[in-house]
Amino acid sequence: MPELAQMDFPLGFIADQLNLAGPRAEGYHITSLLDASKLIASGKEVNPDDFYYLLPKPGGGVEDEWDEMTLGMMNMGRIWEEASRAAFKARVERLGFHVDLPTQSEKDGVVVNVDGTIWTHNPMTLVAIQESKFRFARPHDPRDNAKWMGQTKGYCKVFGCLSVWMPICFIQTRPPLVESHIYMVNFTQREVDENWQMITKTRDYLERLRGGNRT
């Protein structure tokens, strides 16, 4: 029988080599606030420190915070984000738009990280936010995912637009199927504003629980 050797080659390492996004800033991130809002609305107790992101300590990282399966799925999402970036840019530029790189911003004490931004030329005007997703599920309408919609409406509020373009890859096993599409979702200003009001109310509630202490 032939000899066999095995070397570690984790998905997190692969995703890190592809990553174009910068490090996450400390603070309240919009996805965490959406998770907290759902728990608060259901009447469950929340620990405010669970929703305030702190930079990993030396020798630590997100690997310490998630189980292996969850971490693997998250890393597949990161790999899809970077693997699809050039193709998304090429597809969108055929329509006459410009695609910019990932960026991080903050508004009202809430941090957001977007996968990219789409602009018109001459003059440069923001058209939409890019938000990539990867799902082990059958293809479905992204508007049915409340968290995705809350997340992207928050991005629109921070960056000052009303649209999100979502390159999404779906993989299902029964029956085997792989599909990817770009979904373009347009919100109303009222939808964006009401969502942001909910997000900032959640931030205020968590801050009161923490006594305003961010250290």
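Structural notes, computed from the coordinates. (Residues numbered from 1 in each chain as written. Predicted model: local features only at pLDDT ≥ 70, side-chain atom pairs only at ≥ 80, totals over all residues. Heavy atoms only, no water.)

### Thoughts on the overall build of the protein
To be explicit about the condition: What counts as a helix is a DSSP run of H or I of at least four residues, what counts as a strand is a run of E of at least two, and both are numbered from the N terminus. Values of the radius of gyration come from C-alpha atoms, whereas the globule rule sets the reference at 2.2 Å times the count of residues to the power 0.38. Partly exposed residues are those whose accessible area sits between 20% and 50% of the maximum for their type, while under 20% is buried and over 50% is exposed, using a 1.4 Å probe and protein chains only. It only takes one pair of heavy atoms within 4.5 Å for two residues to be counted as in contact.
A tally of regular secondary structure across the protein gives six helices and nine strands. Relative to the 2.2 N^0.38 estimate, which gives 17 Å for 215 residues, the radius of gyration of the protein is 19 Å and therefore close to what a compact globule would have. The dimensions of the protein, computed from C-alpha atoms along their principal axes, are 65 × 45 × 35 Å. Scored against the burial criterion, the 215 residues of the protein give a buried share of 39%. Of all intrachain contacts in the protein linking residues separated by at least 6 positions in sequence, the fraction that spans at least 24 positions is 66%.

### Section: the pairing of strand β3 (residues 103–107)
The test is simple: Paired strands, as defined in this entry, are two strands with at least two bridges between them according to DSSP.
Of the pairings in the sheet, the one linking β3 to strand β4 (residues 110–114) comprises five bridges and is antiparallel in character. Pairing of T103 across the sheet is with V114, part of β4. In this structure, the hairpin formed by β3 and β4 is closed by a connection of two residues, where D108 is found at a positive phi of approximately 55°.

### Thoughts on the sheet that holds β3
Spatially, β1-β4-β3 is the arrangement adopted by the three strands of the open sheet, whose pairing is mixed. Single-partner strands in this sheet number two, and they are β1 (28–29) and β3.

### As for the packing of aromatic side chains
Here is the rule we go by: Working definition: a ring pair exists when centres of Phe, Tyr or Trp rings (six-membered ring for Trp) sit within 6.5 Å. Plane angles under 30 degrees give stacked, over 60 give edge-to-face, the rest tilted. In this scheme, the term charge over a ring applies when either NZ of a lysine or CZ of an arginine sits within 6 Å of the ring centre and within 35 degrees of the ring normal.
Under the counting rule described, the total for this entry stands at five aromatic pairs. Judged by centre distance (6.3 Å) and plane angle (55°), the ring pair of F9 and F13 falls under tilted. Among the residues examined, F9 registers a relative accessible area of 59% and is labelled exposed. Taking the ring centre of Y53 as reference, the NZ or CZ of R24 above it sits at 4.7 Å. Over the ring of Y52 we find R210, and its NZ or CZ is 4.4 Å from the ring centre.

### Observations regarding the packing of helix α2 (residues 30–41) against helix α6 (residues 189–210)
Counted only if it meets this: For every element, the axis is a line fit to its C-alpha atoms; helices are fit only across the contacting stretch, and the angle between N-to-C directions ranges from 0 to 180 degrees. Comment on the angle field: the value is read as roughly parallel under 35 degrees, roughly antiparallel over 145, roughly perpendicular from 65 to 115, and oblique elsewhere. Three categories are distinguished: nonpolar for Ala, Val, Leu, Ile, Met, Phe, Trp, Tyr, Cys and Pro, charged for Asp, Glu, Lys and Arg, and polar for the others, with Gly belonging to the last.
Between α2 and α6, the shortest axis-to-axis distance is 9 Å and the interhelical angle comes to 80°. On the basis of their axis angle, the class for α2 and α6 is roughly perpendicular. Here I30, L33, L34, A36, S37 and I40 of α2 lie close against α6, whose contacting residues are W196, M198, I199, T202, R203, Y205 and L206. Residue composition of the contact of α2 with α6, grouped by class: 10 nonpolar, two polar and one charged.

### Structural notes on the environment of D49
Put simply, the test is: Residues adjacent in sequence count toward polar contacts only when both atoms are side-chain atoms; beyond that, a polar contact is any pair of N or O atoms within 3.5 Å, and within protein one must be able to donate a hydrogen and the other to accept it.
Here D49 lies in the loop between α2 and α3 (68–83). At 3.0 Å, the side chain of D49 forms a polar contact with the side chain of R210.

Everything listed here is a matter of geometry and, on its own, says nothing about what the molecule does.
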